[in-house]
Amino acid sequence: MKVAFYQFFPPTLWTPGGGETQLVKTKEALERLGVEVTLFNPWSRSKDFDILHVFGSSHELSSFVRAAKGLGLPVVVSIIAFSAKPSWQWWLWRRIDRFIPIPTTYRLRQEIYTNADRLIVASRSEAEQLSHGFRINNKKYRWVPHGIEGERFIKAEPKLFIERYGLQDFVLQVSRINRHKGQARLIRALEGTGIKLVFIGPLDPIDQQGTQEFLNLVEKHSGWVHYLGTLKYDDQLLPSAYAACRVHVLPSTSESLGLVTLESTAAGAAAVSGNYPTLYEYLGERVYYCEPASIASIRASVLQAYEEGIKPGAREYVVDNFSWDRTAERLLEVYQEVLA
């Protein structure tokens, strides 16, 4: 079997995150199962594959999916699109879009879901939200959970990071730097606590106002706030940073999951996250939750996690239940079903 992977989400072309990690690690795991996986090159115009697997369902991909189906190619789409918008907005768009005489981003997304042969969701809540907002044949859904490199993170040692930066028992956030991810709110939440704060991740080029606000706060609080720039995903400093920190925080306004929360938990950090439906399905009460828009809530949750530490059994649960190999096994079943 030969599968072509494709991903196009302009905001992350130069600042890759969880979606890009998902693609790379899924590719590696499928290849361990004997599947030939190629990264689709639009300049080659090749059709030499059995299935096209598209990662993401932003409106920019609509014409690409429609053209692939027009050529008779089987198409599988990983949604990666959980939204923080209130449900009434999706309900309203579903009813009024047909009366708008020009294409809308809503309509383009609807075309993706209509044309795809199978829709891969990471959680039941993602499927429920999608069905509420769009007209979708529920028989297309297949649930495939995300994974992590469990062995890599559970064996992580703090020594490498501590020797490089001289920091330990700090609060960490690994993510793209922008207002959506909440770095500025986290800095304000921990002001006056005496806890050191470390950020790792690329500056978002489409949120210059947000990144400048962040950099100004880092400079203002340079005695206890540290921005280390970007680490490549395969850099051993990444798992070492998770192991060296005391708490990892992801106070985004919304997330389809937040792989960094799974990774940091596997490495032994007490994780604080917004209560995203997909993450709660995965981990339940095994992590600490905050209201991402509330500085007071972030502060309270981080201080609790810092004092109490990782919740009992959380680390083992993540490593035992989420792996890229398991993700690949489920995907292979979907591919075989489509080809059959």
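What you see is a predicted model, and the numbers here were worked out from it, not measured in a lab.

Asker: Which parts of the structure should I look at to understand the packing of helix α1 (residues 18-32) against helix α15 (residues 324-339)?
Answerer: Packing of α1 against α15 leaves a shortest axis separation of 8 Å and a crossing angle of 75 degrees. Considered as vectors, α1 and α15 are oriented roughly perpendicular to each other. Residue-level inspection shows Q22, K25, T26, A29, L30 and R32 of α1 in contact with α15, the latter providing W324, D325, T327, A328, L331, L332 and Y335. Looking at the contact of α1 with α15 residue by residue, the classes come out as 7 nonpolar, 3 polar and 3 charged.

Asker: How should the sheet that holds strand β11 (residues 270-274) be read in this particular structure?
Answerer: Adjacent strands of a sheet form backbone hydrogen bonds with each other and so pair up, either parallel or antiparallel. With respect to topology, 6 strands assemble into an open sheet ordered β9-β8-β7-β10-β11-β12, the strand pairing being parallel. Among the strands making up the open sheet, the edge pair consists of β9 (225-227) and β12 (288-290). Within this sheet the neighbouring strands show an average axis-to-axis angle of 25 degrees, counted without direction. In this sheet, β9 lies alongside strand β8 (residues 197-200) in parallel orientation, the contact comprising 3 bridges. Residue pairing in the sheet places L197 in a bridge with V225 of β9. Running at roughly 145 degrees to strand β7 (residues 171-174), helix α10 (residues 237-244) makes contact with β7, β8 and β10 (247-250) of the sheet.

Asker: I tried to follow the pairing of β10 on my own but got confused; where do I start?
Answerer: On a regular strand, each side chain points to the face opposite its neighbour's, so the side chains alternate between the two faces of the sheet. Side chains V247 and V249 project from β10 onto one buried face, and the interleaved H248 and L250 project onto a second face that is buried too. In terms of strand pairing, β7 meets β10 through 2 bridges, oriented parallel. Looking across to β10, one finds that V171 is bridged to V247. Pairing of β10 with β11 involves 4 bridges; the strand directions are parallel.

How each quantity is defined
Residues numbered from 1 in each chain as written. Predicted model: local features only at pLDDT ≥ 70, side-chain atom pairs only at ≥ 80, totals over all residues. Heavy atoms only, no water. Axes fitted to C-alpha atoms, helices over the stretch in contact; angles between N-to-C directions. Helix = DSSP H or I, 4+ residues; strand = E, 2+ residues; numbered from the N terminus. Parallel < 35°, antiparallel > 145°, perpendicular 65-115°, else oblique. Contact = heavy atoms within 4.5 Å. Nonpolar A, V, L, I, M, F, W, Y, C, P; charged D, E, K, R; others polar. Pairing = 2+ DSSP bridges. Buried < 20%, exposed > 50% of the residue type's maximum accessible area, 1.4 Å probe, protein only.

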